[in-house]
Amino acid sequence: MPWRVPPAARQAGVTPDPYRVWMSEIMLQQTTVAAVKSYFETFTERWPTVTDLAGAADEDVMAAWAGLGYYARARNLLKCARVIAEDYGGSFPREHADLLLLPGVGPYTAAAVSSIAYDAPETVLDGNVERVMARIFNDHTPLPQAKPVFHNYASSLTPPLRPGDYAQAVMDLGATICTPKNPACGLCPWRSNCAAWAEGTAAELPKKMPKKRKPTRLGIAYLAKRVDGAWLLERRPDKGLLGGMLGWPGSDWGDAPTEAPPIRAQWKETTAEARHTFTHFHLRLTVKTALVPMDRAPDRGEFVEPNVFERDDLPTVMRKAYDLGKGS
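For helix H6 (residues 72-87), with 16 residues, the first-to-last C-alpha span of 22 Å sits near the 22 Å given by 1.5 Å per residue. The set of residues buried in H6 consists of Arg73, Ala74, Arg75, Leu77, Leu78, Cys80, Ala81 and Ile84. The inward-facing, buried residues of H6 contact helix H2 (18-28), helix H3 (33-46), helix H4 (50-54) and helix H5 (58-65). Gly89 sits one or two residues past H6 and shows a positive phi near 65°.

For the coordinates displayed, the defined rule picks out 15 salt bridges. For Glu259, the salt bridge goes to Lys288, with nearest N and O atoms at 2.5 Å. Placement of Glu259 in the loop between strand E3 (246-247) and strand E4 (268-277) and of Lys288 in strand E5 (residues 282-292) is noted, with a sequence separation of 29 residues between them. A salt bridge links Arg311 to Asp323; the shortest N-O distance between them is 2.9 Å. Here Asp323 lies in helix H13 (residues 316-325) and Arg311 lies in the loop between strand E6 (302-304) and H13, a separation of 12 residues in the sequence. Ionic contacts of the salt-bridge type, sharing partners, join the residues Arg226, Asp228 and Glu305 into one network.

Right, let's talk about the packing of helix H8 (residues 107-118) against helix H11 (residues 163-176) for a bit. Interaxial distance between H8 and H11 falls to 7 Å at its minimum, and their mutual angle equals 125°. When the interaxial angle is binned, H8 and H11 end up oblique. Every residue of H11 that contacts H8 at Tyr108, Ser115 and Ile116 is listed here: Pro163, Gly164, Ala167, Gln168 and Met171. Broken down by class, the residue content of the contact of H8 with H11 amounts to five nonpolar, three polar and no charged.

Rules and cut-offs
Residues numbered from 1 in each chain as written. Predicted model: local features only at pLDDT ≥ 70, side-chain atom pairs only at ≥ 80, totals over all residues. Heavy atoms only, no water. Helix = DSSP H or I, 4+ residues; strand = E, 2+ residues; numbered from the N terminus. Expected span 1.5 Å × (residues − 1). Buried < 20%, exposed > 50% of the residue type's maximum accessible area, 1.4 Å probe, protein only. Contact = heavy atoms within 4.5 Å. Salt bridge = Lys/Arg side-chain N within 4 Å of Asp/Glu carboxyl O. Axes fitted to C-alpha atoms, helices over the stretch in contact; angles between N-to-C directions. Parallel < 35°, antiparallel > 145°, perpendicular 65-115°, else oblique. Nonpolar A, V, L, I, M, F, W, Y, C, P; charged D, E, K, R; others polar.

Here it is in structure tokens:
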């Protein structure tokens with residue numbers, strides 16, 4: 001992983017860059033390593049230091065983040081970088097308590113930066129570590145109620161020596177061996193100390209409360225193309241889903257969305273819907289398209305010239321709408 005410093009290099013005196021540790025942990029929240037790698041490399045090549053990131057334009061960062069999801073993370077990434085640049089002279093604070101005060105940094109991220117970057121014996125607890133703790137101690141308390149219990153287990157095992165290497169090792173153990181399904185117990189270096197393996201219950205842990213069924217919301221996306229090839233886009237409000245991102249003007253999202261065309265036009269409805277799943281609900285967007293003349297002014301949004309428009313600058317759900325409507 002491009003953000004890692006291997007144990008041998010660390011013992012030779014190479015220290016992890018807290019900026020890279022923080023960046024990777026923010027990106028990895030509810031996102032896979034495979035999806036994050038290319039984004040991490042793009043961000044750190046374009047903005048190699050936290051000061052570089054702090055000086056970036058909001059729209060450039062949001063565009064670079066497009067497709068990674070959970071866009072509040074990108075907004076907090078910028079806020080945090082600017083606080084570090086302005087209040088800490090461009091250097092990450094070393095104290096765990098100070099890290100917790102940074103925008104978008106919660107207990108897990110603060111502990112990860114403390115342990116991995118500064119080798120402080122803080123307790124790192126992500127989903128992989130929770131699973132390992134549930135099995136090592138054969139604890140059948142269901143999540144999310146079990147989180148403080150698993151934190152206590154993890155804290156009891158965190159060593160004072162090389163806690164950063166230990167934290168990454170336990171996360172990797174959960175990601176590669178102590179997996180949610182079909183754990184490879186025969187390869188596990190902790191097998192002899194695992195109570196769940198001894199009892200034959202590893203595959204059924206951790207227990208989880210039944211998930212609530214996600215509701216489905218409906219909406220309308222309006223794709224207006226000017227005769228010169230420019231597309232009508234608007235930037236969403238900073239707060240809320242897809243905050244600060246470019247997207248297609250649209251209706252509200254709910255049970256019965258209200259028509260809200262952004263410009264006077266003859267709108268055509270595509271035969272398919274753009275469907276996307278967010279954390280708490282499913283979204284089904286009706287996609288409507290129109291070709292408008294050069295002199296037609298929109299009620300909201302702005303036309304983006306064809307040589308400036310980039311599909312990949314859009315969040316995933318807006319890309320889906322574009323793919324359905326671009327040929328209409």
